[in-house]
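# Coordinate inspection notes
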Amino acid sequence: MVELLRTISDLRARLSAIRRNGAAIGLVPTMGALHAGHGRLLEKAVTDGGFVVASIFVNPTQFHREDDFQSYPRDLATDLAFCERRNVDAAFVPDADEMYAGEPLTSVVVSGLTEHLCGPQRPGHFEGVATVVTKLLNIVQPDRAYFGEKDRQQLVVIRRVVKDLDIPVEIVGVPTVREPDGLALSSRNQLLSSEERQAATVLYRAIRKAEELVQAGETCPGEVMKQGLAVFESEPSARVEYFEVVDPEQLQPVDEIKAPVLIAGAAHLGATRLIDNILVEARE
Ligand code: AMP
């Protein structure tokens, strides 16, 4: 049975008993509406061993728009069954009052890494993410915490928070899980109409096109972006928010492409915003 823990004190009491027995602790932070992408993180954590905690918390402070927060899919019973099937030991499911009791005055701001990609259009988003993840790492004090490469900027930001604040945890990045047609799995995919779902593959196709160019030796980021953006012309219903070629560590645009390089984009399909990226590690 997956144990359901709703308060920080209950979770801490449970984990101190686990630690006394010498077991390692793995943490998989999520916002619920679990799918096979989350499943991959949970399976990796369970395979790595020890006591695995999944947190399920739709964090209000990382949403830029109230309607996006309200419409975010939530289904706790299904999520708990999902965790159970994957042999997760405990689910930490706090409410917002538990996580943000007493109107906190402290937050974690990571400068520099959030000037591009998702940063400009979502003010406060990464501050919300960095703060809630720091809190979860302090609450759980895991040996390992697992994050998806699908949210690459988030992964880079969290690695930096852990480094800069000397948080004693190993951050494990997990590759993106995709639908057969390439669409990256996302809890938001269930909000797409069938037409939007079909059109949504354009984001992956554009990123793949850019990847092919880089692999073929193209060194001009402007050319790669131009040809990637041209792919979106086949789907006028998709609105591009950004499409960028950046350095995978600093997340800053590059003047000349030398692998490794990160190709990342965001697009709106109706009211739903989707993101995706590919890291080109080395030219083939
Ligand atoms: P979320 O519930 O969207 O906040 O995601 C929780 C974790 O699952 C994050 O570390 C995400 O990067 C990761 N994740 C979400 N979708 C995928 C996917 N398609 N493949 C791999 N990891 C994912």
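The residue count restarts for each chain, going from 1 along the sequence in the order it is written. The model is predicted, so local features are restricted to residues of pLDDT at least 70 and side-chain atom pairs to those at 80 or more, both for listing and for counting; the totals for chains, interfaces and linings are taken over all residues. To obtain the side-chain values, all non-hydrogen atoms of the structure were used and water was disregarded.

## Points about the pattern of salt bridges
The condition that has to hold: In what follows, salt bridge is the name for a side-chain nitrogen of Lys or Arg lying within 4 Å of a carboxyl oxygen of Asp or Glu. Helix and strand assignments come from DSSP, with helices taken as H or I runs of at least 4 residues and strands as E runs of at least 2, each series counted from the N terminus. Buried means the residue's accessible area, taken with a 1.4 Å probe over protein chains only, is under 20% of the maximum for its type, while exposed means over 50%, and partly exposed covers the values in between.
Per the stated rule, a full pass over the model turns up 15 salt bridges. Between Arg208 and Glu211 there is a salt bridge, and its shortest N-O distance comes to 3.1 Å. With Arg208 and Glu211 both in helix 9 (residues 201–215), this residue pair falls three residues apart, about one helical turn. Residue Glu223 is joined to Lys226 by a salt bridge in which the shortest nitrogen-to-oxygen separation is 3.7 Å. Pair noted here: Glu223 and Lys226 are both in helix 10 (residues 221–231), with a separation of three residues, about one helical turn. Given a relative accessible area of 24%, Glu223 falls into the partly exposed group. Overall, the relative accessible area of 55% leaves Lys226 in the exposed class. Through salt bridges with shared partners, a single network forms among Asp68, Arg122 and Arg188.

## Quick notes on the nonpolar core
Quick note on the threshold: Here the nonpolar core consists of buried residues drawn from Ala, Val, Leu, Ile, Met, Phe, Trp, Tyr and Cys, with membership extended through side-chain atoms lying within 4.5 Å.
If you look at the biggest cluster of nonpolar residues, it comprises 46 residues, and the most contacted ones within it are Leu11, Val53, Phe92, Met99, Leu137 and Ile171. When residues of this core are assigned to their parent elements, the largest contribution, nine residues, is made by helix 6 (residues 125–140). In terms of nonpolar packing, the next biggest core, distinct from the first, is built from 27 residues, Ala199, Val202, Val224 and Ile263 among them.

## Quick word on the side chain of Arg122
Worth spelling out the cut-off: What makes two residues a contact is simply this: any of their non-hydrogen atoms within 4.5 Å.
Assignment of secondary structure puts Arg122 in the loop between helix 5 (96–99) and helix 6. Discounting chain neighbours no more than four positions away, the residues touching Arg122 are Gln62, His64, Asp68, Arg188 and Arg273.

## Focus: the packing of helix 9 against helix 10
Packed helix pairs are characterised by how far apart their axes lie and by the angle those axes make with each other. Counted only if it meets this: Only C-alpha atoms enter the line fits that serve as axes; for helices the fit covers just the stretch in contact. Angles between N-to-C directions range over 0 to 180 degrees. Our angle categories are set so that under 35 degrees counts as roughly parallel, over 145 as roughly antiparallel, 65 to 115 as roughly perpendicular, and the remainder as oblique. Should the near helix be turned anticlockwise from the far one by less than a right angle, the crossing is termed left-handed; should it be turned clockwise, right-handed. Charged means Asp, Glu, Lys or Arg here, nonpolar means Ala, Val, Leu, Ile, Met, Phe, Trp, Tyr, Cys or Pro, and polar covers whatever is left, Gly included.
At a minimum axis distance of 8 Å, the contact between helix 9 and helix 10 shows a crossing angle of 150 degrees. Our classification of the angle between helix 9 and helix 10 gives roughly antiparallel. Helix-helix and strand crossings are classified by hand; for helix 9 and helix 10 the assignment is right-handed. Here Val202, Arg205, Ala206, Lys209, Ala210, Leu213 and Val214 of helix 9 come into contact with helix 10, specifically with Val224, Gln227, Gly228 and Val231. Per-class residue counts for the contact of helix 9 with helix 10 are seven nonpolar, two polar and two charged.

## Focus on the sheet that holds strand 8 (residues 261–269)
Note the threshold: The pairing criterion is simple: DSSP has to find at least two bridges between the two strands.
One open sheet holds the three strands; their spatial order is 7-8-9, and the pairing between them is antiparallel. Lying at the two open borders of the sheet, with one neighbouring strand each, are strand 7 (238–246) and strand 9 (272–280). Taken over all neighbouring pairs, the strand axes of this sheet differ in orientation by 10 degrees on average, direction set aside. Here strand 8 pairs with strand 9 via nine bridges, running antiparallel. Counterpart to Ala266 in the pairing with strand 9 is Ile275. Together, strand 7, strand 8 and strand 9 form the strand contacts of helix 9, whose direction differs from that of strand 9 by roughly 20 degrees.

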